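# Survey of secondary and tertiary structure
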Amino acid sequence: MGVHQYFKSLNDLEKLIRCPGKFKYQEHNVAAHSFKVTKIAQYLGTVEEYHGNEVNWKDLYEKALNHDYPEIFTGDIKTPVKYASGELNMLFMEVEETMTSRFIEEEFPEQYQEIYKRRLKEGKDESLEGQILSVADKIDLLYESFGEIQKRNPEPLFFEIYEMSLVTIKKFSHLACVQDFLQNILSDMLKERFIPKTELMEITESIMNKEI
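Residues numbered from 1 in each chain as written. Predicted model: local features only at pLDDT ≥ 70, side-chain atom pairs only at ≥ 80, totals over all residues. Heavy atoms only, no water.

### Digging into the overall build of the protein
If you tally the helices and strands in the protein, you get 11 helices and zero strands. Ordered by position from the N terminus, the helices and strands of the protein form the series α-α-α-α-α-α-α-α-α-α-α. Compactness check: the protein gives a C-alpha radius of gyration of 18 Å against a globular reference of 17 Å for 212 residues, within 12% of the reference. Projecting the C-alpha coordinates of the protein onto the three principal axes gives extents of approximately 55 × 45 × 30 Å. Residue pairs at least 24 apart in sequence account for 70% of intrachain contacts in the protein once pairs closer than 6 positions are excluded. Surface exposure of the protein reaches about 11600 Å², of which carbon and sulfur atoms provide 53%. Positive and negative charge centroids in the protein, built from 26 and 38 side chains respectively, lie 4 Å apart. (Helix = DSSP H or I, 4+ residues; strand = E, 2+ residues; numbered from the N terminus. Rg over C-alpha atoms; globule rule 2.2 N^0.38 Å. Contact = heavy atoms within 4.5 Å. Areas by Shrake-Rupley, 256 points an atom, 1.4 Å probe, with all protein chains shown as cover. Lys, Arg positive; Asp, Glu negative; His and termini not counted. Charge placed at Lys NZ, Arg CZ, Asp CG, Glu CD.)

### Looking at the nonpolar core
Soluble, globular proteins show a tendency: their nonpolar side chains are buried together. Ranked by internal contacts, the top residues of the largest apolar core, which has 40 residues, are Tyr162 and Leu186. Residue assignment for this core shows that the elements contributing at least two residues are helix 2 (30-50), helix 3 (57-66), helix 8 (128-150), helix 9 (157-170), helix 10 (176-191) and helix 11 (197-208). Take this core: its biggest share by element is 10 residues, from helix 8. Here Leu186 is in contact with Leu142, Tyr162, Leu166, Phe181, Thr204 and Met208, once residues within four sequence places are set aside. Counting residues in each nonpolar core, the second largest holds 10 residues, with Leu13, Val30, Tyr69 and Phe108 among its members. (Core = buried A, V, L, I, M, F, W, Y, C linked by side-chain atoms within 4.5 Å. Buried < 20%, exposed > 50% of the residue type's maximum accessible area, 1.4 Å probe, protein only.)

### Observations concerning the pattern of salt bridges
Pairs may arise between side chains of opposite charge once their charged atoms sit close together. Inspection of the entire model under this criterion finds 14 salt bridges. The structure contains a network of salt bridges with shared partners spanning Arg18, Lys36, Asp68, Asp140 and Glu144. (Salt bridge = Lys/Arg side-chain N within 4 Å of Asp/Glu carboxyl O.)

### Comments concerning unusual backbone geometry
A negative phi angle characterises most non-glycine residues, just as the trans form characterises most peptide bonds. Unlike most non-glycine residues, Arg152 shows phi in positive territory, near 65°. With respect to the helices and strands, the residue Arg152 is situated in the loop between helix 8 and helix 9.

### Some details on the side chain of Thr204
With respect to the element layout, Thr204 can be found in helix 11. The contact partners of Thr204, leaving out residues within four places of it in the chain, are Tyr162, Leu166, Leu186 and Leu190.

### Section: the side chain of Asp180
By the element assignment, Asp180 lies in helix 10. Although Asp180 lies buried, it forms no salt bridge, and the closest oppositely charged side chain, Lys191, sits 13 Å away as judged by the N-O distance. Here the side chain of Asp180 touches Tyr43 through a polar contact of 2.9 Å, side chain to side chain. Not counting chain neighbours up to four residues away, the residues in contact with Asp180 comprise Tyr43, Val47 and Ile185. (Polar contact = N/O pair within 3.5 Å; in protein donor to acceptor, adjacent residues only side chain to side chain.)

### Quick look at the environment of Ser165
Position of Ser165 relative to the elements: it lies in helix 9. Sequence separation of Ser165 and Tyr143 is 22 residues, and the distance between their C-alpha atoms is 9.5 Å. Non-local contacts of Ser165, meaning those with residues more than four positions away in its chain, are made with Lys138, Leu141 and Leu142.

### Some words on the packing of helix 2 against helix 8
Two numbers describe how helix 2 lies on helix 8: the axes approach to 8 Å, and their chain directions differ by 125°. Judged by the inter-axis angle, helix 2 sits oblique to helix 8. Like other packed secondary-structure pairs, helix 2 and helix 8 cross with a definite hand, here right-handed. Only Leu128, Ile132, Leu133, Val135, Ala136, Asp137, Ile139, Asp140 and Glu144 of helix 8 make contact with helix 2, whose side of the interface consists of His33, Lys36, Val37, Ile40, Ala41, Leu44, Gly45 and Glu48. Of the residues assigned to the contact of helix 2 with helix 8, the class counts are 10 nonpolar, two polar and five charged. (Axes fitted to C-alpha atoms, helices over the stretch in contact; angles between N-to-C directions. Parallel < 35°, antiparallel > 145°, perpendicular 65-115°, else oblique. Left-handed = near helix turned anticlockwise from the far one by under 90°. Nonpolar A, V, L, I, M, F, W, Y, C, P; charged D, E, K, R; others polar.)

### Some thoughts on the packing of aromatic side chains
Scanning the entire structure with this criterion turns up 10 aromatic pairs. Judged by centre distance (6.1 Å) and plane angle (85°), the ring pair of Tyr69 and Phe73 falls under edge-to-face. With a centroid separation of 5.5 Å and an interplanar angle of 55°, the aromatic rings of Phe73 and Phe103 are classed as tilted. Within this pair, whereas Phe73 is found in helix 4 (residues 71-74), its partner Phe103 is found in helix 6 (residues 86-107), the two being separated by 30 residues in sequence. (Phe/Tyr/Trp six-rings, centres within 6.5 Å; stacked < 30°, edge-to-face > 60°.)

### Some remarks on the packing of helix 8 against helix 10
Angle between the axes and distance between the axes: these two values describe a pair of packed helices. Two elements in contact, helix 8 and helix 10, have axes separated by 13 Å at closest approach and are oriented at 10°. It follows that helix 8 is roughly parallel to helix 10 by the angle criterion. Between helix 8, through Val135, Ile139, Leu142, Tyr143 and Phe146, and helix 10, the contact on the second element is made entirely by Val178, Phe181, Ile185, Leu186 and Met189. When grouped by side-chain class, the residues that make up the contact of helix 8 with helix 10 number 10 nonpolar, no polar and no charged.

Listed below in structure tokens is the structure:
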């Protein structure tokens, strides 16, 4: 019992496969996703700072690194399911928050409990760091789906995930880092050689030309 259980649970994050139940050429786990989101958030924060915006790096790193830890209790829920309705998404968040809080109260020393309740709570808020986390999370999801599309995975879900991820990213177009991503990085992604390029280009152009 105690913090040992928390340290032990970090190994379980490697066993949590993202987008379960669907054929994939490359499996992705929650631990790797958290690392990638943190690295992406670091770049996005750098862009924001370069453009004169103040970034709280401690908050950003804590939000990015910890953002999916509560999935240790619920598992990964496929994006189209999780965001099928606002009420459903709120329900998932409430369940994760309750189970995480209970785990902290049972396993952490009392003097650190409030610190970890803050660290492990939902980090996607209205702060600059919370917005960067939202974008970084969807950029990694965009790349996961792009990798499957690039390998000619016939599962239409990955086109759906690509579209939903890009729509969410574009909602943060007021951020300098999102403008940088849309204008420079996304275009480089689509220049790569892959077979279903026409369909992906049409989806991308439709989203980019749409007012959100």
